[in-house]
Amino acid sequence: MQKRIYADNAATTGTRREVIDKMLPYFDRIYGNPSSLYTEGQRAREVIEECRARIAAAVNAEPREIIFTSGGSEADNQAILSAAEIGRTKGKKHIVSSAIEHHAVLHTLEKLQKEGFEVTLLKCAGSGIVDPDELRAAIREDTCLVTVMYANNEIGTVQPVSELGAICREKGVIFHTDAVQAVGHLRIDVKAENIDMLSASAHKFHGPKGVGFLYARRGVRLTNLIEGGAQERGKRAGTENVPGIVGMTEALEIALAGIDKNTGRIKSLRDRLIAGLSEIPHSALNGDRDKRLPGNVSFCFEGIEGESLLLLLDDKGICASSGSACTSGSLDPSHVLLAIGREHGVAHGSLRLSIDEDFTEEDAEYVISAVKDVVAYLRSFSPVWRDLVAGKTPFVL
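Residues numbered from 1 in each chain as written. Predicted model: local features only at pLDDT ≥ 70, side-chain atom pairs only at ≥ 80, totals over all residues. Heavy atoms only, no water.

Chemist: Outline the sheet that holds strand E12 (residues 350–354), listing residues and values.
Modeler: What the three strands build is an open sheet, ordered E9-E10-E12; its pairing is antiparallel. The open sheet terminates on both sides in strands that have one partner only, identified here as strand E9 (283–285) and E12. Within this sheet the neighbouring strands show an average axis-to-axis angle of 20 degrees, counted without direction. Pairing of E9 with strand E10 (residues 296–301) involves three bridges; the strand directions are antiparallel. The residue of E10 that forms the bridge with Ala284 is Cys300. Lying over the sheet, helix H9 (residues 259–277) contacts E9, E10 and E12, oriented at roughly 10 degrees with respect to E10. (Pairing = 2+ DSSP bridges. Helix = DSSP H or I, 4+ residues; strand = E, 2+ residues; numbered from the N terminus. Axes fitted to C-alpha atoms, helices over the stretch in contact; angles between N-to-C directions. Contact = heavy atoms within 4.5 Å.)

What follows is the structure in structure tokens.
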């Protein structure tokens, strides 16, 4: 049987066996409702509060500043809508964000625009990094929120979050960061980095799907998305997902315990992939060469179509993507690639590889060879490529 190589960890990660083992008792032994007053319920409540304290410690927050959610999208929505409501009450209805945010952020901003908010999207041309000076210039007297992701889910660029947060703190503006791709892969300190709200999702760092958390600094008043019970200090109704919370906590602590050991090795394999794929003519790395997530490799290849590339790589046993899994059904090119200046046709020929500590040197060499072969094969019968080679249309890359 052909070996399968998983290189799409930005879409989701496998849940670690030790994480599953920690979760199992909370399905059939400690299964009481945490809101119940009897012993079984209170045992579950104690576990949740222990996990809340451990999650808080992992990002240098206070336990009461952690709200458990169903994942990153819910956390993004609650953070943005809460800041907007705070701004609305003060007559401030301007929001600053970036053009490369996840759609959980961008679609929420579009919703607010329909309600009379004005949104400024900062450009990230070239490197995919927000310029702090541009952020400073964009903040106005009526700005109520700045929301800029910690690390991009498609091109892997890591933003100067501490500097952006410091500007917001100086201006008295709430700063939220979608850290779904960063938590568990980078060390984060919400206090030192001037972060007011932060979103995270367990399935991005080998935890279970369907659970995440929102950090909201003490003093930031949250608006409820879900009404019902008094769970999560009345800010997120619904019986808590105890097994999920336990799994997320365990997964995050495992990730952070091994981060120093794993990061260097993952970066080395990432750089090998970048060097190998750069040998393909008329290709280009997307995003900053160095200020990127340890395991992210994003390329564009001129003269091919990304969907065909992915399907043929799948035939060779390689799981990869062209960008965000949340928009994989769309025929439009990535808004992130367009925002950093890739031309429409080039953006269609994109490939994202996102690797973790299970990826090996042998995997890297096989992936490089396979991508080279598939790109050459697709170009061999591409009319776009023929026109480029014939000089009928100019090369872009």
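Here the narrative resumes.
Chemist: A description of the side chain of Glu250 should follow, citing residues and the corresponding values.
Modeler: With respect to the element layout, Glu250 can be found in helix H8 (residues 242–257). Classification of Glu250 by relative accessible area gives buried; the value is 16%. In this structure, Glu250 is in contact with Glu18, Val19, Lys22 and Arg54, ignoring residues within four places of it in sequence. (Buried < 20%, exposed > 50% of the residue type's maximum accessible area, 1.4 Å probe, protein only.)

Chemist: Give a detailed account of the sheet that holds strand E3 (residues 94–98), specifying residues and quantitative values.
Modeler: One open sheet accounts for seven strands, arranged E2-E8-E7-E6-E5-E3-E4; its pairing is mixed. The open sheet has two edge strands, strand E2 (66–69) and strand E4 (118–122), and neither has a second partner. Pairwise comparison of adjacent strand axes, ignoring direction, gives a mean angle of 20 degrees for this sheet. The sheet contact formed by strand E5 (residues 143–147) and strand E6 (residues 174–178) spans three bridges and is parallel. Each bridged residue has a counterpart across the sheet, and for Thr147 the counterpart in E6 is His176. Of the strands in this sheet, E2, E5, E6, strand E7 (197–201) and strand E8 (212–216) touch helix H4 (residues 72–89), which is tilted by about 165 degrees from E7. Docked against the sheet, helix H7 (residues 161–171) engages E5 and E6, running at close to 155 degrees with respect to E6.

Chemist: A description of the pairing of E4 should follow, citing residues and the corresponding values.
Modeler: For E3 and E4, the ladder comprises five bridges, and the chain directions are parallel. From the neighbouring strand, His94 faces E4, where its bridge partner is Glu118. The parallel pair E3 and E4, bridged by helix H5 (residues 103–114), forms a crossover whose chirality is right-handed. (Right-handed = clockwise from strand over helix to strand, strands pointing away.)

Chemist: Now, about the packing of H9 against helix H13 (residues 361–380): what can you tell me, with residues and values included?
Modeler: At a minimum axis separation of 10 Å, H9 and H13 run at an interaxial angle of 20 degrees. As judged from the angle between their axes, H9 and H13 are roughly parallel. Handedness of the crossing formed by H9 with H13: right-handed. In contact with Leu269, Arg272, Leu273, Gly276 and Leu277 of H9, H13 contributes Glu361, Ala364, Glu365, Val367, Ile368, Val371 and Lys372. Here the contact of H9 with H13 is built from residues that sort into seven nonpolar, one polar and four charged. (Parallel < 35°, antiparallel > 145°, perpendicular 65-115°, else oblique. Left-handed = near helix turned anticlockwise from the far one by under 90°. Nonpolar A, V, L, I, M, F, W, Y, C, P; charged D, E, K, R; others polar.)

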